[in-house]
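# Secondary and tertiary structure notes
Now for the letters of each chain:
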Amino acid sequence: MSLDTILITGAAGFIGFHLSKKLLEQGIQVIGYDNINSYYDVNLKYARLAILKDYPDFIFVKGDLADKSEVENVFTKYKPDIVVNLAAQAGVRYSIDNPQVYIDSNIIGFFNILEACRHHPAEHLIYASSSSVYGNQEKTPFSTDDDVSRPISLYAATKKSNELMAYTYSHLYGIPTTGLRFFTVYGPYGRPDMAYFSFTRKILAGETIQIFNNGDMYRDFTYIDDIVQGIENMLEHPPAADENGDRYKLYNIGNNHPEKLMYFIEVLEKCIGREAKKEFLPMQPGDVYQTYADVDDLVWDFGFKPETSVEVGLGKFVEWYKKYFIPQVCPIVYSAK
Ligand code: NAD
């Protein structure tokens, strides 16, 4: 199997940036594709891209997944051996009021990726799904064998749809596909729309943080390096044909160790060195009580499971955050190249 050229969509995003950087460090050619949307701080996306553009093997193409001809052109021009589709409209809460963009990016966009893989066969298509497909499930840990036919947000519905579409394309056209259900990913260069990121900003600014369901929630927080390692392990290992001849697989990538939200905040406060002002609010629509990844398949197939504790992971995040956002601690000026 050839690792010569990898197409990573969403390369200006949180996970895409870290994966691209790790592969570029090994001398692998990465084609990054992203529309640099303004869902959150665009400067952060340009800062990530500025780092990637320092690697000679990085090529960036600005384009939209929902534009079929743009996607097609990238495949025609670069003929990727492996495709990692991370571009999507993320966020559960945002999907409640902004459904259209989820259909455009996550359904039409993913369809365009599948079609491009059909016409320009890649050796492996890996794509991001999400733990949100499990909804408010009581049985833990969450297994990829569980019934997830009742998504409680449109975001989750688009991710479940991606899994179904991927199965069909694997079955009909023999495209080897691996879907990854990520569990609450956090770390340096992370997403400002996610709770740990906004909590950090607010705690440092002395503002009040909003805690939903009165803090009675559990999340399987997963550190970014573990996610990247998990994807890397799979790149050259597309699924073998199952008993029906289909080359289709799904994995959870999560810490397999859920933390109570209040404990997570306590660790964050310790890392920052300041106590948060807290406001307790009811559960938000679309939110779930707990997430908890069963990672037996990951261990079985790759001898790997995420291991980073929130104490270590949040420590690294806060260290990065202070350097990046507080210039008097460490002056850094990023600019788009
Ligand atoms: P992100 O928002 O940081 O990255 C996504 C990138 O995709 C962004 O840079 C955005 O500009 C780009 N993008 C969005 N729509 C696009 C389109 N139509 N065309 C081209 N580019 C587009 O998100 P992330 O946290 O890096 O997530 C990566 C993937 O993992 C997403 O599919 C997300 O749904 C999934 N996921 C993330 C988490 C998490 O906790 N971070 C959890 C579960 C699933």
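Computed from a predicted structure; not experimentally measured.

### Observations regarding the pairing of strand β1 (residues 5–9)
Most of β1 is tucked away, with five of its five residues classed as buried. Neither face of β1 is left uncovered, since the one carrying Thr5, Leu7 and Thr9 and the one carrying Ile6 and Ile8 both have all their residues buried. Relative to strand β2 (residues 29–34), β1 runs parallel, the two being bridged by five bridges. Each residue of the ladder has a partner; that of Ile6, found in β2, is Val30. Between the parallel pair β1 and β2, the chain is carried across by helix α1 (residues 14–24), and the sense of this crossover is right-handed. The sheet contact formed by β1 and strand β4 (residues 82–85) spans four bridges and is parallel. Across the sheet, the residue bridging to Leu7 is Val83, located in β4.

### So, the sheet that holds β4
Ordered by their spatial adjacency, seven strands build an open sheet running β3-β2-β1-β4-β5-β6-β11, and the pairing between neighbours is parallel. Edge strands, defined here as strands with exactly one partner in the open sheet, are β3 (58–62) and β11 (248–253). Adjacent strand axes in the sheet meet at a mean angle of 20°, parallel and antiparallel pairs treated alike. Along the sheet face, α1 touches β1, β2, β3, β4 and β6 (177–182) and points at about 165° away from the line of β1. Taken strand by strand, helix α6 (residues 154–173) contacts β5 (124–130), β6 and β11, and its axis lies near 155° from that of β5.

### Let's talk about the site of the ligand
Residues in close proximity to the ligand total 29 residues, the closest being Asp34, Tyr40, Tyr155, Lys159 and Val185. Contact distances for the ligand include 3.1 Å between an oxygen atom and a backbone N or O atom of Asn37. Protein burial of the ligand: of its 820 Å² of free accessible surface, 98% is covered by the chains. Tallying contributions element by element places β5 first for the shell around the ligand, with three residues. Here the shell around the ligand is composed, by residue class, of 15 nonpolar, nine polar and five charged.

### Digging into the pattern of salt bridges
In the structure shown here, the tally under the stated rule is 16 salt bridges. One salt bridge connects Lys21 with Glu25, and the closest N-O pair in it is separated by 2.9 Å. Among the residues examined, Lys21 registers a relative accessible area of 25% and is labelled partly exposed. In this structure, Glu115 and Lys68 form a salt bridge, with 3.9 Å as the shortest nitrogen-oxygen distance. With a gap of 47 residues between them, Glu115 in helix α5 (residues 99–119) and Lys68 in helix α3 (residues 68–78) connect regions that are remote in the sequence.

### Considerations on the side chain of His18
Within the element layout of this structure, His18 appears in helix α1. Classification of His18 as buried rests on a relative accessible area of 15%.

### Some points on the environment of Gly315
Topologically, Gly315 is positioned in helix α11 (residues 310–325). Of the residues examined, Gly315 reaches a relative accessible area of 26% and is grouped as partly exposed. Sequence-wise, Gly315 and Gly187 are 128 residues apart; in three dimensions their C-alpha atoms are separated by 9.2 Å. Leaving out residues up to four positions away in the same chain, Gly315 has contacts with Cys271 and Val310.

### Focus on the UniProt feature "domain: NAD-dependent epimerase/dehydratase" (unreviewed entry) in the protein chain
The sites that carry the UniProt feature "domain: NAD-dependent epimerase/dehydratase" (unreviewed entry) are, in the present numbering, residues 6–254. Within the segment residues 6–254, helix and strand shares are 41% and 20% respectively, and the terminal C-alpha atoms sit 24 Å apart.

About the thresholds
Residues numbered from 1 in each chain as written. Predicted model: local features only at pLDDT ≥ 70, side-chain atom pairs only at ≥ 80, totals over all residues. Heavy atoms only, no water. Buried < 20%, exposed > 50% of the residue type's maximum accessible area, 1.4 Å probe, protein only. Helix = DSSP H or I, 4+ residues; strand = E, 2+ residues; numbered from the N terminus. Pairing = 2+ DSSP bridges. Right-handed = clockwise from strand over helix to strand, strands pointing away. Axes fitted to C-alpha atoms, helices over the stretch in contact; angles between N-to-C directions. Contact = heavy atoms within 4.5 Å. Near = heavy atom within 4 Å. Polar contact = N/O pair within 3.5 Å; in protein donor to acceptor, adjacent residues only side chain to side chain. Areas by Shrake-Rupley, 256 points an atom, 1.4 Å probe, with all protein chains shown as cover. Nonpolar A, V, L, I, M, F, W, Y, C, P; charged D, E, K, R; others polar. Salt bridge = Lys/Arg side-chain N within 4 Å of Asp/Glu carboxyl O. UniProt positions renumbered as here; feature names shortened; annotations may be inferred.

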